[in-house]
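Spelled out from the first residue to the last, the chains are:
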Amino acid sequence: AQSVSQHNHHVILSEAASLELGCNYSYGGTVNLFWYVQYPGQHLQLLLKYFSGDPLVKGIKGFEAEFIKSKFSFNLRKPSVQWSDTAEYFCAVNAWGNNDMRFGAGTRLTVKP
Amino acid sequence: GAGVSQSPSNKVTEKGKDVELRCDPISGHTALYWYRQSLGQGLEFLIYFQGNSAPDKSGLPSDRFSAERTGGSVSTLTIQRTQQEDSAVYLCASSYYAGTGASYEQYFGPGTRLTVT
């Protein structure tokens, strides 16, 4: 079964700093990749997703992620974070043919104003 | 439109009691998922329903856990003889069904926080 690793448990940045959150998965086959975000007191919501095609995907609020198949990675990036980006971010993988979605442990992002 | 709803939002129960958690998916979504989120952990897949097909129960941690989905809509997750390690947030999600090998976005409910004392 596939598994997902998020390397950073808690990241603290100042506003306008650049962000990169790591995500690696272990599965050799075709995968669908997702980043979800959970703002304080809110539901999990989709930030962006990769199914096929251009490995650089753009999501909401200026976030993007790059799928590097050779590295089994799907890192999340944002050039300049805002205080409102403070949230928990989850990487998720769904292997083709499987029903379940595997989530990473999450990375808590705190952006200082 | 209405999102995924879950009830209760909080449940405190004594060890050994049974609990039922309810999920009402978005209308028209045929796929329904249950996850468990423990403190400091990611989301753990529990069970998946798709239409009238047999559910994928591969993530259920023990036979004390069961779930059903009536009429292809509302789902109930039941935990029998609860243990303290069952304390977690139980999340439900629903999505359209895109067929094997594909996946649509999952929409999550607010979760039920279960505390077993």
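Structure report, in brief.

Definitions and cut-offs
- Residues numbered from 1 in each chain as written.
- Chains lettered and ligands numbered in written order.
- Predicted model: local features only at pLDDT ≥ 70, side-chain atom pairs only at ≥ 80, totals over all residues.
- Heavy atoms only, no water.
- Pairing = 2+ DSSP bridges.
- Helix = DSSP H or I, 4+ residues; strand = E, 2+ residues; numbered from the N terminus.
- Core = buried A, V, L, I, M, F, W, Y, C linked by side-chain atoms within 4.5 Å.
- Buried < 20%, exposed > 50% of the residue type's maximum accessible area, 1.4 Å probe, protein only.
- Contact = heavy atoms within 4.5 Å.
- Axes fitted to C-alpha atoms, helices over the stretch in contact; angles between N-to-C directions.
- Buried area = accessible area lost by both parts, 1.4 Å probe.
- Salt bridge = Lys/Arg side-chain N within 4 Å of Asp/Glu carboxyl O.
- Polar contact = N/O pair within 3.5 Å; in protein donor to acceptor, adjacent residues only side chain to side chain.
- Nonpolar A, V, L, I, M, F, W, Y, C, P; charged D, E, K, R; others polar.

## Some remarks on the pairing of strand β8 (residues 64-68) of chain A
All names here are of chain A.
Thought 1: Pairing between strand β7 (residues 56-58) and β8: three bridges, direction antiparallel. Paired with Leu56 across the strands is Glu66, a residue of β8.
Thought 2: Here β7 folds back onto β8 in antiparallel fashion, the turn holding five residues, of which Lys61 has a positive phi close to 60°.
Thought 3: Both β8 and strand β9 (residues 73-78) contribute to a ladder of five bridges, which runs antiparallel. When the bridges of β9 are listed, Glu66 appears paired with Asn75.
Thought 4: Hairpin remark: β8 followed by β9, antiparallel, with four residues in the connecting loop; positive phi at Phe72, about 50°.

## Thoughts on the nonpolar core
Thought 1: Judged by nonpolar contacts, the single largest core of 28 residues is most densely connected at Trp35, Leu48, Phe74, Leu76 and Tyr89 of chain A.
Thought 2: Taken together, the elements giving at least two residues each to this core come down to β2 (10-14), β3 (19-21), β5 (31-38), β6 (44-50), β8, β9, β10 (87-95) and β12 (107-112) of chain A.
Thought 3: Contact partners of Phe74 of chain A, with chain neighbours within four places excluded, come to Cys23, Leu33, Phe34, Trp35, Leu48, Tyr50, Val57, Ala65, Glu66 and Phe67 of chain A.
Thought 4: Counting residues in hydrophobic clusters, the runner-up holds 20 residues, among them Val4, Cys23, Leu60 and Leu77 of chain B.

## Points about the side chain of Ser95 of chain B
All names here are of chain B.
Thought 1: Mapped onto the elements, Ser95 comes out in strand β8 (residues 88-95).
Thought 2: For Ser95, a relative accessible area of 1% translates into the label buried.
Thought 3: Those residues in contact with Ser95 that sit more than four places away from it in its chain are His29, Thr30, Ala31, Tyr33, Tyr104, Glu105 and Gln106.

## Things to note about the pairing of β10 of chain A
All names here are of chain A.
Thought 1: Most of β10 sits inside the fold, with eight of its nine residues counted as buried.
Thought 2: In this sheet, β10 lies alongside β5 in antiparallel orientation, the contact comprising eight bridges. By the bridge assignment for β10, Asn32 is matched with Asn94.
Thought 3: Inspection of the sheet shows β10 paired to strand β11 (residues 102-103) by two bridges, in the antiparallel sense. Bridge assignment links Ala92 to a residue of β11, and that residue is Phe103.

## Digging into the sheet that holds strand β1 (residues 5-7) of chain B
Residue and element names in this part refer to chain B.
Thought 1: The strand order across the open sheet built from four strands is β1-β3-β7-β6, with neighbouring strands paired in antiparallel fashion. In the strand order of this sheet, the two ends are held by β1 and β6 (65-69), each with one partner. Across the sheet, the axes of successive neighbouring strands diverge by a mean angle of 15°, strand direction being ignored.
Thought 2: Sheet topology places strand β3 (residues 19-24) next to strand β7 (residues 75-79); five bridges connect them, and they run antiparallel. Residue pairing for β7: Leu21 is matched across the bridge by Leu77.

## Side note on the interface of chain B and chain A
In many reports, interface size means the accessible area that the parts give up when they come together.
Thought 1: Between chain B and chain A, the residue contacts involve 21 residues of the former and 18 residues of the latter.
Thought 2: Across the interface of chain B and chain A, roughly 1,700 Å² is buried in total on both sides, 58% from carbon and sulfur atoms.
Thought 3: Where chain B meets chain A, there are zero salt bridges.
Thought 4: Our count for the chain B to chain A interface comes out at two residue pairs in polar contact (both at pLDDT 80 or more).
Thought 5: Of all the secondary-structure elements, those providing two or more residues to the side of chain B that touches chain A are β4 (31-37) and β5 (43-50) of chain B.
Thought 6: A class-by-class count of the residues in the side of chain B that touches chain A yields 10 nonpolar, nine polar and two charged.

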